[in-house]
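Remarks on the overall topology
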Amino acid sequence: MIEATVTIPGETRSRVAFSDAAVELVERLWAQHGPVMFHQSGGCCDGSSPMCFPLGDFLTSDRDILLGVIELDADRRIEFWMSREQFEYWSHTHLTIDVVPGRGSGFSLEGPEGVRFLLRSRLMDSARPFE
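Residues numbered from 1 in each chain as written. Predicted model: local features only at pLDDT ≥ 70, side-chain atom pairs only at ≥ 80, totals over all residues. Heavy atoms only, no water.

Turning next to the packing of aromatic side chains. Under the criterion given, the structure shown has 4 aromatic pairs. Both rings, one in Phe 38 and one in Phe 80, keep their centres 6.2 Å apart while their planes meet at 25 degrees; by these two values the pair is stacked. In this pair, Phe 38 is assigned in strand β4 (residues 36-40) and Phe 80 in strand β7 (residues 76-83), connecting sequence segments 42 residues apart. Judged by relative accessible area, Phe 38 falls into the buried class, the value being 0%. The interplanar angle of 80 degrees and the centroid separation of 4.9 Å between the aromatic rings of Phe 38 and Phe 117 together place this pair among those described as edge-to-face. With Phe 38 in strand β4 and Phe 117 in strand β9 (residues 115-123), this residue pair connects regions lying 79 residues apart in the sequence. (Phe/Tyr/Trp six-rings, centres within 6.5 Å; stacked < 30°, edge-to-face > 60°. Helix = DSSP H or I, 4+ residues; strand = E, 2+ residues; numbered from the N terminus. Buried < 20%, exposed > 50% of the residue type's maximum accessible area, 1.4 Å probe, protein only.)

Right, dumping it as structure tokens:
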């Protein structure tokens, strides 16, 4: 498992990790498609799964928040974004991106692989330093 770097100002604990299976799949997708990034929206259906895109194919805005960056190595970094609205609901959770058998989203790169990305969550006391 790889923990993401902390990217939210004032926080001290990682909010995102990738399981070993997710890292393995991301490395395969990177080899096929080049640099990738993730986005988690607050939508229903496919929008409720973490989506993997070629870097630059999904445009983020001030309505999104960068929850963490996974560093595969010195030259390969993967950003994990979430809509701000969704973050309001999930601000108390740590997210682990994992892989399970099944059909992925039609828009997410893992779709043809016969697997899909899945979020596993656990409660966090706080990512902000104690005052």
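If you walk through the whole model with that rule in mind, you get 7 salt bridges. Across the pair Arg 28 and Glu 113 runs a salt bridge, and its minimum N-O distance is 3.5 Å. Residue Arg 28 is found in helix α1 (residues 20-33), and its partner Glu 113 is found in the loop between β8 (93-101) and β9; the two are separated by 85 residues along the sequence. Relative accessible area serves as the criterion here: at 36%, Arg 28 is assigned to the partly exposed category. With relative accessibility at 29%, the residue Glu 113 sits in the partly exposed group. Put simply, Arg 77 and Glu 71 hold a salt bridge, and the shortest N to O gap is 3.2 Å. Look at Arg 77 and you get partly exposed, because its relative accessible area is 46%. Each of Glu 24, Arg 28 and Glu 113 takes part in salt bridges that share partners, so that together they form one network. (Salt bridge = Lys/Arg side-chain N within 4 Å of Asp/Glu carboxyl O.)

With that out of the way, let us pick up the sheet that holds β4. The mixed open sheet is built from 5 strands, whose spatial order is β2-β6-β7-β4-β5. The sheet terminates laterally at β2 (5-6) and β5 (51-54), the two strands that pair on one side only. Pairing analysis gives 8 bridges linking strand β6 (residues 64-73) to β7, with the strands arranged antiparallel. In the sheet register, Ile 70 faces β7, and the bridge partner there is Ile 78. α1 contacts β4, β5, β6 and β7 of the sheet and is inclined by roughly 110 degrees relative to β7. (Pairing = 2+ DSSP bridges. Contact = heavy atoms within 4.5 Å. Axes fitted to C-alpha atoms, helices over the stretch in contact; angles between N-to-C directions.)

What follows is about α1. Between its first and last C-alpha, α1 extends 20 Å over 14 residues, near the 20 Å set by a 1.5 Å rise per residue. Of the positions making up α1, those classed as buried are Ala 22, Val 23, Leu 25, Val 26, Leu 29 and Trp 30. Along α1, the residues classed as buried sweep out an arc of 165 degrees about the axis, all on the same side. Turned more than 90 degrees away from the buried face of α1, the exposed residues are Asp 20, Glu 24 and Ala 31. (Expected span 1.5 Å × (residues − 1). Arc of directions from axis to C-beta.)

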